[in-house]
Amino acid sequence: TSPERLLQALFAQPDANLAIVCGEISNIVVVDLDSADAVTWARRSLPETPIKTRTARGEHWFFRWPGPVRNQRRLRGADADIKADGGYVVAPGSLHPTGVIYEALGAWTPDVFARIPTFDRSWLDEASDDEVFGNDMIRALKEALRSGPSAVRALVDRTRKDVAHASDARRR
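Residues numbered from 1 in each chain as written. Predicted model: local features only at pLDDT ≥ 70, side-chain atom pairs only at ≥ 80, totals over all residues. Heavy atoms only, no water.

Novice: Before we move on, can you summarise the confidence of the model for the protein chain with the specific residues and values?
Specialist: Mean pLDDT for the protein chain: 83, with 86% of residues reaching 70 or above. Considering each helix and strand of the protein chain separately, the mean pLDDT is smallest for helix α6 (residues 168-171), with a value of 49, and largest for strand β3 (residues 52-54), with 97. Per-residue pLDDT stays below 50 along residues 127-132; that stretch engages in 13 contacts with residues further than four places along the chain or on separate chains. (pLDDT = per-residue confidence, 0-100. Helix = DSSP H or I, 4+ residues; strand = E, 2+ residues; numbered from the N terminus. Contact = heavy atoms within 4.5 Å.)

Quick look at the structure:
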């Protein structure tokens, strides 16, 4: 997409919010801290990152993408989840439904982005088990998509059964 097309789209819907795509495509993983307690936990437990956003409920902390990390994972010991491959976060300047405007914290410049710390998979809750599941699921989905609609339906049905029989921790 050209810059001109992006500007046309923005001007066509001036009330639209912007998002930042996470994961491999942007080389970014975001820790989504959904409460004041989670922000306090992050200040004690995670390395300082110079790129953050103040959100309606907490903060987004930006880290360098370390390789495949599944979206919507939980962090150990915190009310926080991960925005990574397949995910996005609302960009600074956007308006939350509560009326809060997402605010950039720190200097959002290319040289600062180049210095953000790398996300560490050890921060994840049940990291190794879930990563294997995620990679297997991605492979299965790609194969089903190549095979056609009936294969996709069968995969969805199998996945529903697996989730129904999984522990609460595994369902995240």
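Anyway, onward from the coordinates.
Novice: Which residues make up the sheet that holds strand β2 (residues 28-33), and what are the values?
Specialist: Pairing between the strands of a sheet comes from backbone hydrogen bonds, and it takes one of two forms, parallel or antiparallel. Pairing within the open sheet is antiparallel, and its 5 strands lie in the order β5-β2-β4-β3-β7. Where the open sheet ends on each side, the last strands, each with one partner, are β5 (80-83) and β7 (103-105). With direction set aside, neighbouring strand axes in the sheet form an average angle of 25°. In this structure, β3 lies alongside β7, joined through 3 bridges in antiparallel fashion. Looking at β7, one finds that T53 is bridged to A104. (Pairing = 2+ DSSP bridges. Axes fitted to C-alpha atoms, helices over the stretch in contact; angles between N-to-C directions.)

Novice: Describe the nonpolar core, and please don't skip the residues or the numbers.
Specialist: Counting 20 residues, the largest nonpolar core has V31, L33, L46, L75, I82 and F119 as the members making the most contacts within it. Every element with two or more residues in this core is listed here: β2, α2 (36-45), β4 (59-64) and β5. Counting residues per element, this core draws most heavily on α2, which supplies 4 residues. Excluding its chain neighbours within four sequence positions, the residues that come into contact with F119 are V29, V31, F63, R64, P66, V69, L75, I82 and L124. (Core = buried A, V, L, I, M, F, W, Y, C linked by side-chain atoms within 4.5 Å. Buried < 20%, exposed > 50% of the residue type's maximum accessible area, 1.4 Å probe, protein only.)

Novice: I'd like to hear about the pattern of salt bridges, residue by residue, with values.
Specialist: In total, this model carries 7 salt bridges according to the counting rule given. Notably, a salt bridge pairs R54 with E103, separated by 2.6 Å at the nearest N-O pair. Note that R54 is positioned in strand β3 and E103 in strand β7, a separation of 49 residues in sequence. On the accessibility criterion, E103 (38% relative accessible area) is partly exposed. Here D111 and R115 are joined by a salt bridge, their closest N and O atoms 3.6 Å apart. Residue R115 is classed as exposed on the basis of its relative accessible area of 55%. Where salt bridges share partners, they join D32, D81 and K83 into one cluster. (Salt bridge = Lys/Arg side-chain N within 4 Å of Asp/Glu carboxyl O.)

Novice: How would you sum up unusual backbone geometry? Please name residues and give values.
Specialist: Even without being glycine, N27 reaches a positive phi, approximately 65°. Take N27: it is sitting in the loop between β1 (19-21) and β2. Using a relative accessible area of 32% as the deciding quantity, one classes N27 as partly exposed.

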